[in-house]
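A look at the structure
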Amino acid sequence: MRNLSIQKLLSNKIIWLYILSGGLLLGTSLLGLFLSSVTVPIPTILHIISEKVLHIGWLEEVQKNEEMIIWNIRLPRVVLAFCVGASLSLAGAAFQGLLRNPLADPYTIGVSSGASLGAVIVLFFQFSIIGLGTFTLPIVSIISGLLTLLVVFGLVRLSSRSLAVETIILAGIIISSFIGALVSLIISLGDKDAMTQIIYWLYGSVGMRGWDYVQLIIPFMIVGAFILFYHYRELNALALGEEAADHIGVDVKRGKTFVLIGASLLTGAAVAVSGSIGFVGLVIPHLIRLIVGPNHRHVLPLSMLIGGSFLISADLIARVLIAPKELPIGVITALIGAPVFAFLLIRERIGRGSNR
């Protein structure tokens, strides 16, 4: 009887967490659309979105400049911020569960570094692939990130027959270090303008991207999220250890491969459209896991919702803090994420010490 009441209490808690997460997402999205250098009333914002999406409107007249600001600039920026934040947070939750390490994040296996290298090459040489045009940068970034994943897998296969967690981390560190050196070399060879552009892109931003970039990330986000949601049971089993997962009938090698591919798709696409944005995939999943426990059935979707809301908020701070200028969003996530994560680590260490 007591166990049933505890389960009911946990169930109610998780339901309320989903409701609060949805409310937080809605609230941050409205703030992202409302707050900026040009103020547009919320009823006008809702009318513009409703008319464009549902072809239903209630206002007789809306100024063209307000419609352009909301539909062509602010709304795609908010949607892109959500997609990037949700993708990085979801990938971070998967990596932390797979590697059984709260310090794991989407950059652990080098996919982010590979995507950044592809983007830096495009920015440095200023080339455009025929037929892609402005899509050259994100497409090359995604391909470069996926190729990096293959290189990491190849290095793991050469050193070990099994996809051991320690080997994956070591291979990711080796590849990331090498790619980081290549990026630094390319930046040092460029002129001042090229160097400024590349460094600013590496800091991360979702501004002035438009619906094209939203359309680019969404397919990768859907596929990557579907792969991880489908394999949440394998993630739960792998979080107990590879031997324990193998004993209960989980195909460890297959499960790890799918989780790595899904998380890498999410990371590569996010980096491709926004640059390098740190700490989202590190802090948010860790915080969610502390609240709801280790069950990835809830950790994954809640990480998506909170991660997307967090990045929308970070982007809002980045563009209003020193308006009309903007800060790189990666600077804001680092300033917020680093102290929060340090606090969580200290709190966890103190908790372990008191239990001994």
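Everything in this summary refers to the structure shown in the same document.

About the cut-offs
Residue numbers run consecutively from 1 along every chain, following the written order of its sequence. Reporting of local features is limited, given that this is a predicted model, to residues whose pLDDT is at least 70; pairs of side-chain atoms are given and counted only at 80 or more, and all residues count toward the totals for whole chains, interfaces and linings. Computation of side-chain values covers all heavy atoms of the structure but excludes hydrogens and water. Helix and strand labels come from DSSP, where a helix needs a run of H or I of at least four residues and a strand needs a run of E of at least two; each type is numbered from the N terminus. We compute the radius of gyration over the C-alpha atoms and compare it with the globule rule, which gives 2.2 Å times the number of residues raised to the power 0.38. Summary of the burial criterion: residues with accessible area below 20% of their type's maximum are buried, those above 50% are exposed, and those between are partly exposed, where the area comes from a 1.4 Å probe applied to protein chains only. To be clear on the numbers: accessible area is Shrake-Rupley with a 1.4 Å probe, and residue cover counts the displayed protein chains and nothing else. A positive count includes Lys and Arg, and a negative count includes Asp and Glu. His and the chain ends are not counted in either. By convention, the point assigned to a charge is CZ for Arg, NZ for Lys, CD for Glu and CG for Asp. Only the stretch in contact is used when a helix axis is fitted, and all axes are lines through C-alpha atoms; the angle between N-to-C directions ranges over 0 to 180 degrees. Angles are sorted into four bins: roughly parallel if under 35 degrees, roughly antiparallel if over 145, roughly perpendicular if 65 to 115, and oblique for all others. The contact rule is simple, with two residues in contact once any of their heavy atoms fall within 4.5 Å. To form a nonpolar core, buried Ala, Val, Leu, Ile, Met, Phe, Trp, Tyr and Cys residues must be joined to one another through side-chain atoms within 4.5 Å. Pairing of N or O atoms within 3.5 Å defines a polar contact, subject to two protein rules: one partner must be a possible hydrogen donor and the other a possible acceptor, and residues neighboring in sequence count only if both atoms are side-chain atoms. The length a helix should cover is 1.5 Å for every residue beyond the first. For salt bridges, the criterion is a side-chain nitrogen of Lys or Arg within 4 Å of an Asp or Glu carboxyl oxygen. Aromatic pairs are defined between Phe, Tyr and Trp rings, using the six-membered ring for Trp, whenever the two ring centres lie within 6.5 Å; interplanar angles under 30 degrees are classed as stacked, those over 60 as edge-to-face, and all others as tilted. Both a distance and an angle decide whether a charge sits over a ring: NZ of Lys or CZ of Arg must be within 6 Å of the ring centre and within 35 degrees of the ring normal.

**As for the overall build of the protein chain**
Scanning the protein chain from N- to C-terminus turns up 14 helices and zero strands. Along its sequence from the N terminus, the protein chain presents helices and strands in the succession α-α-α-α-α-α-α-α-α-α-α-α-α-α. Relative to a compact globule of 356 residues, whose C-alpha radius of gyration would be 21 Å, the protein chain shows 21 Å and is just as compact. For the protein chain, the spread of C-alpha atoms along the three principal axes comes to 65 × 60 × 40 Å. Within the protein chain, the fraction of its 356 residues that count as buried is 49%. Working note: accessible area of the protein chain is about 17900 Å², and carbon and sulfur atoms make up 68% of it. Computed over 24 positive and 18 negative side-chain charges, the inter-centroid distance for the protein chain is 10 Å.

**A closer look at the environment of glycine 22**
Relative to the assigned elements, glycine 22 resides in helix 1 (residues 2-34). For the pair glycine 22 and serine 309, spaced 287 residues apart in sequence, the C-alpha to C-alpha distance is 9.0 Å.

**Focus on the packing of helix 2 (residues 42-54) against helix 3 (residues 64-99)**
Contact geometry of helix 2 with helix 3 gives a least axis separation of 10 Å together with a crossing angle of 75 degrees. Between helix 2 and helix 3, the angle is such that the two are roughly perpendicular. Each of Thr44, Ile45, Ile48, Ile49, Lys52 and Val53 in helix 2 lies in contact with helix 3, whose residues at this interface are Glu66, Glu67, Ile70, Trp71 and Leu75.

**Quick look at the nonpolar core**
With 89 residues, the main nonpolar core has Leu80 and Val84 as its most contacted residues. Of the residues forming this core, the biggest block, 18 residues, is contributed by helix 3.

**So, the environment of histidine 296**
Mapped onto the fold, histidine 296 is located in helix 13 (residues 296-320). The buried category is assigned to histidine 296, whose relative accessible area is 1%. Each C-alpha atom, one on histidine 296 and one on leucine 228, is 9.3 Å from the other, the two residues being 68 residues apart in sequence. Within polar-contact distance, the side chain of histidine 296 engages the side chain of arginine 289 at 3.2 Å.

**Section: unusual backbone geometry**
Among all residues except glycine, the phi angle is most often negative; among peptide bonds, the trans geometry is most common. Located in the positive-phi region is histidine 55, a residue other than glycine, with phi close to 60 degrees. Mapped onto the secondary structure, histidine 55 falls in the loop between helix 2 and helix 3. The exposure class of histidine 55 is exposed, given its relative accessible area of 68%. Even without being glycine, phenylalanine 279 reaches a positive phi, approximately 75 degrees. Take phenylalanine 279: it is sitting in the loop between helix 11 (252-274) and helix 12 (280-292).

**Here's the deal with helix 8 (residues 210-230)**
With 21 residues, helix 8 extends 31 Å from end C-alpha to end C-alpha; this agrees with the ideal 30 Å at 1.5 Å per step. Inspection of helix 8 places Tyr213, Val214, Leu216, Ile217, Met221, Gly224, Ala225, Ile227 and Leu228 among the buried residues, and these make up the whole buried set. Those residues of helix 8 that are buried lie in contact with helix 3, helix 5 (136-159), helix 9 (232-238), helix 11 and helix 13.

**What about the pattern of salt bridges?**
A full pass over the atoms with the stated rule returns four salt bridges. When salt bridges with common partners are traced through the structure, they connect Arg77, Asp315, Arg319 and Glu326 into a single cluster.

**Examining the packing of aromatic side chains**
As enumerated under the stated definition, the model contains three aromatic pairs in all. Aromatic side chains phenylalanine 124 and phenylalanine 125 sit 4.9 Å apart centroid to centroid with 90 degrees between the ring planes, which places their arrangement in the edge-to-face category. The partly exposed category is assigned to phenylalanine 124, whose relative accessible area is 24%. Classification of phenylalanine 125 as exposed rests on a relative accessible area of 54%. The aromatic ring of tyrosine 213 is capped on one face by arginine 209, whose charged end is 5.9 Å from the ring centroid.

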